[in-house]
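# Chain and residue survey
Single-letter residue listing:
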Amino acid sequence: MTVYDELVARGLIAQVTDEEEIKELVNNGKAVFYIGFDPTADSLHVGHFMALCLMKRLQMAGNKPIALIGGGTAMIGDPSGRTDMRQMMTKETINHNVECFKKQMSRFIDFSDGKAMLVNNADWLLDLNYVELLREVGPCFSVNNMLRAECYKQRMEKGLSFLEFNYMIMQSYDFYELYQKYGCNMQFGGNDQWSNMLGGTELIRRKLGPDADAYAMTITLLLNSEGKKMGKTQSGAVWLDPNKTSPFDFYQYWRNVADADVMRCIRMLTFLPLEEIDAMDSWEGSKLNEAKEILAFELTKLVHGEEEAQKAQDAARALFSNGGDTANMPACAVTEEDLRDGTVDILALLVKSGLAGTRSEARRNVTQGGVTLDGEKVTDFKAAYTLDDFKGEGKVLKRGKKKFIKIVAE
């Protein structure tokens, strides 16, 4: 199976400009391709995961990735897929986020010996003269076509700012710059970036002639069976930074995906051989839980390393078997300051640990029978405990089937 055929078989490819030419480049290790990442936070998240995995796959096949960090485009903000305008960031915040991205990307991409490049579009975008830019690229863009672009449609109802309207031009200019400077012949991105990517291929051809070989391919967005983007929880995004989403919580996110999504996630995101995945397609019932463990372990290993993945798996198994080693579970410490008349009640524990937002919510959880402490259901919302109850290894406090934390005395 060729590299391109494997991408198709894994369900990764959404749209391509010139399929035969792209096949030729990718299969023969001749693609010099880039994917852009705007540093809108101080960590990459699950939404970036698909792109990072694709870069790794193609690099393993001999192609050269360029990771483009959008220090310049982040000054504007991408309107794609949004109903509101992004919050403006300072240069200092953007630069900090850029440095965070660089560290995380090295887990996926080998930047040694010229095998890959990491560039920042601030290096050319921030020095552009506005009038010169208008004269250079303005004639290459049709406003009528831009307004029909999918990336602007959601913003048109509430009002598309002129600031955001320029985003397509900036992204197109990135491809134009990378093509000339580094011989970059392909751009990959999420399927919601299709219009912006076509803008880049068109700009290159109009500026450099019809023989300029510039291609685009979009990656299937990571959606669940309900059509919603994956990587979001009630508490926010699932981050790749272990300080923002612990390896254990990262593991649990994938361990808890819906039955309808697990095999597709294994196919698209893991590096397991397709033959092995095909054999799992017929799995049902309890075997799907085994598939979820495989998914969670493989992805946690990819992001945080095998040791952390093993710790997370051991902790999760210990929790759901109501025993075993709980050393690697997330923990919440209770201290003397948490005590009232020498005890701390169950509602305070639920709130402090983050399992409930308020005491009233915690009370509802208890009265509805959804709270256990070390496997025993807590039925009295006035139940109280001393520090001695949590000394040593502590006790596992659980709300519902999937929310839990270890309470330890400090």
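Residues numbered from 1 in each chain as written. Predicted model: local features only at pLDDT ≥ 70, side-chain atom pairs only at ≥ 80, totals over all residues. Heavy atoms only, no water.

### Description of unusual backbone geometry
The phi angle at Asp113 is positive, at roughly 55 degrees, despite the residue not being glycine. Examined against the element boundaries, Asp113 turns out to sit in the loop between α4 (91-105) and β4 (117-120). The exposure class assigned to Asp113 is exposed, which follows from its relative accessible area of 72%. With a phi close to 55 degrees, Asp341 is a non-glycine residue in the positive phi region. (Helix = DSSP H or I, 4+ residues; strand = E, 2+ residues; numbered from the N terminus. Buried < 20%, exposed > 50% of the residue type's maximum accessible area, 1.4 Å probe, protein only.)

### Notes on helix α12 (residues 247-255)
With 8 of 9 residues buried, α12 is to be regarded as a mostly interior element. If you check which residues of α12 are buried, you get Pro247, Phe248, Phe250, Tyr251, Gln252, Tyr253, Trp254 and Arg255.

### Some words on the side chain of Arg399
Note that Arg399 resides in strand β14 (residues 395-399). Within the local environment of Arg399, its side chain forms a polar contact with the backbone oxygen of Leu355, the two atoms lying 2.4 Å apart. Discounting residues that sit within four places of it in the chain, Arg399 has contacts with Leu355, Ala356, Glu361, Asn365, Gly370 and Val371. (Polar contact = N/O pair within 3.5 Å; in protein donor to acceptor, adjacent residues only side chain to side chain. Contact = heavy atoms within 4.5 Å.)

### Structural notes on the environment of Ile94
You can see Ile94 is positioned in helix α4. A relative accessible area of 1% means that Ile94 is categorised as buried. Remark: the alpha-carbon pair of Ile94 and Ala41, spanning 53 residues in sequence, is separated by 8.1 Å. Excluding its chain neighbours within four sequence positions, the residues that come into contact with Ile94 are Pro39, Gly71, Ala74, Met75 and Met89.

### Notes on the nonpolar core
Nonpolar side chains in soluble globular proteins tend to be buried together. By size, the foremost hydrophobic cluster in this structure holds 72 residues, and its most contacted members are Phe49 and Trp254. With 9 residues, the single largest contributor to this core is helix α3 (residues 46-60). Beyond its immediate chain neighbours, meaning those up to four positions away, Phe49 contacts Phe108, Leu240, Phe250, Leu269, Leu299, Leu302 and Val303. Tyr34, Leu68, Ala149 and Ala214 belong to the second largest nonpolar core, which has 29 residues in total. (Core = buried A, V, L, I, M, F, W, Y, C linked by side-chain atoms within 4.5 Å.)

### Some points on a nonpolar patch on the surface
Among the surface-exposed residues, Tyr130, Leu134 and Phe162 lie close enough to one another that they form a single nonpolar patch of about 340 Å² accessible area. By the element assignment, Phe162 lies in helix α9 (residues 162-165). For Phe162, a relative accessible area of 55% puts it in the exposed group. (Patch = residues over 30% accessible without salt bridge, like charges linked within 9 Å, V, L, I, M, F, W, Y side chains within 5 Å. Areas by Shrake-Rupley, 256 points an atom, 1.4 Å probe, with all protein chains shown as cover. Salt bridge = Lys/Arg side-chain N within 4 Å of Asp/Glu carboxyl O.)

### A few points about the sheet that holds strand β11 (residues 371-373)
Strand order in the open sheet formed by 5 strands is β9-β15-β14-β11-β12, and the pairing between neighbours is mixed. Two strands close off the open sheet at either side, each with one partner strand: β9 (331-334) and β12 (376-377). Note: β9 against strand β15 (residues 403-409), 4 bridges, orientation parallel. For Ala333, the partnering residue across the bridge sits in β15 and is Val408. (Pairing = 2+ DSSP bridges.)

### Remarks on the packing of aromatic side chains
Scanning the entire structure with this criterion turns up 10 aromatic pairs. When the centroid spacing of 5.7 Å and the interplanar angle of 65 degrees are considered together, the rings of Tyr34 and Phe175 count as edge-to-face. Of this pair, Tyr34 sits in strand β2 (residues 32-37) while Phe175 sits in helix α10 (residues 167-182), placing them 141 residues apart in sequence. A relative accessible area of 1% means that Tyr34 is categorised as buried. A relative accessible area of 0% means that Phe175 is categorised as buried. Plain terms: the ring middles of Phe250 and Trp254 are 6.3 Å apart, the flat faces sit at 65 degrees to each other, and that makes the pair edge-to-face. Here Phe250 pairs with Trp254, and both are found in helix α12, just 4 residues apart, close to one helical turn. (Phe/Tyr/Trp six-rings, centres within 6.5 Å; stacked < 30°, edge-to-face > 60°.)

### A closer look at the confidence of the model for the protein chain
Put simply, the protein chain has an average pLDDT of 87, and 92% of its residues get 70 or more. Note that pLDDT drops below 50 for residues 78-86; the model gives that stretch 30 contacts with residues more than four away or on any other chain. (pLDDT = per-residue confidence, 0-100.)

### Points about the pattern of salt bridges
Inspection of every chain in the model, using the stated rule, returns 21 salt bridges. In this structure, Asp281 engages Arg267 in a salt bridge whose closest nitrogen and oxygen atoms are separated by 2.7 Å. Of this pair, Asp281 sits in the loop between α14 (274-280) and α15 (286-304) while Arg267 sits in helix α13 (residues 259-269), placing them 14 residues apart in sequence. Asp281 gets classed as partly exposed once you look at its relative accessible area, which sits at 42%. With its nearest N and O atoms 3.1 Å apart, the salt bridge here joins Lys391 to Asp388. According to the relative accessible area criterion, Lys391 is exposed, its value standing at 52%. Each of Arg267, Asp278 and Asp281 takes part in a single network of salt bridges with overlapping partners.

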